[in-house]
Amino acid sequence: MKIYKDVQLLDTIISKIKENWGDGGRDGIHASDLLSPRKAYFQKTHPLPPTMKEIMYFLSGLAIETGLSELLGVNHAPSKSFNGIAYTPDFYIDGITELKSRRSYIPEEGKEENVYGHYISQIVKYVAYEGKNSGNLIVFALNEKVDDGKKTEPQLVAYRLEFNEDELEEARESSIRVRDLLIEAIETK
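Residues numbered from 1 in each chain as written. Predicted model: local features only at pLDDT ≥ 70, side-chain atom pairs only at ≥ 80, totals over all residues. Heavy atoms only, no water.

Chemist: Lay out helix α1 (residues 7–21) in plain terms, naming residues and giving numbers.
Modeler: Helix length check: α1, at 15 residues, gives a terminal C-alpha distance of 21 Å against a target of 21 Å (1.5 Å per residue), a fit within 8%. One side-chain oxygen of the residue at the start of α1 lies 3.1 Å from the amide nitrogen of Gln8, identifying that residue as Asp6. (Helix = DSSP H or I, 4+ residues; strand = E, 2+ residues; numbered from the N terminus. Expected span 1.5 Å × (residues − 1). Polar contact = N/O pair within 3.5 Å; in protein donor to acceptor, adjacent residues only side chain to side chain.)

Here's what the structure looks like:
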């Protein structure tokens, strides 16, 4: 048997991926834009095609999301809108549920908020937009250590996040405030 890396095949695959990727542009303001408004501003005013690294990260997350949704028998949630802010939760499994994949380890109990801050910021917005007080986070850790050695294996963990009314009101108010600032920045460049 002969085995070797096929650069031409890889180039063909990469070309197909980029060809089918689309321009990546989304109309309007999305909840994810509010998490990184500077990035959203530049993507809307000076769009660049995604790097292969960005595409590969997206592709791995999409594969995990597609596989899990099939195994759970759930569909991806529909897109919704709150005061002109589009958002799309991953699923509804006993409430709004976001799935995140990580190459890093699962944090120790009690340290989740420090590690999952970006995820939590997204979930609290979705929960607040829908007038709920809780949501779910599913984390698919690809390389979780399983012993004191270097052995790793994939692991799945699920969290319930409960928010108080002050946190929900702050999520709604800050979303509207950042939405307005982002729209103004885009319009005035």
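Chemist: Please set out the sheet that holds strand β3 (residues 85–87) residue by residue, giving values where relevant.
Modeler: Ordered in space as β1-β3-β2, the three strands form an open sheet in which the pairing is mixed. A single partner strand is all that each edge strand has here, and the edge strands are β1 (29–30) and β2 (80–82). (Pairing = 2+ DSSP bridges.)

Chemist: Give me the packing of α1 against helix α4 (residues 52–72): which residues, what numbers.
Modeler: Each pair of packed helices can be described by the angle between their axes along with the distance between the axes. Running from N to C, α1 and α4 point in directions that differ by 80°, and their axes come no closer than 12 Å. On the basis of their axis angle, the class for α1 and α4 is roughly perpendicular. Every residue of α4 that contacts α1 at Ile14, Ile17, Lys18 and Trp21 is listed here: Met52, Ile55 and Phe58. Partitioned by chemical class, the residues of the contact of α1 with α4 number six nonpolar, no polar and one charged. (Axes fitted to C-alpha atoms, helices over the stretch in contact; angles between N-to-C directions. Parallel < 35°, antiparallel > 145°, perpendicular 65-115°, else oblique. Contact = heavy atoms within 4.5 Å. Nonpolar A, V, L, I, M, F, W, Y, C, P; charged D, E, K, R; others polar.)

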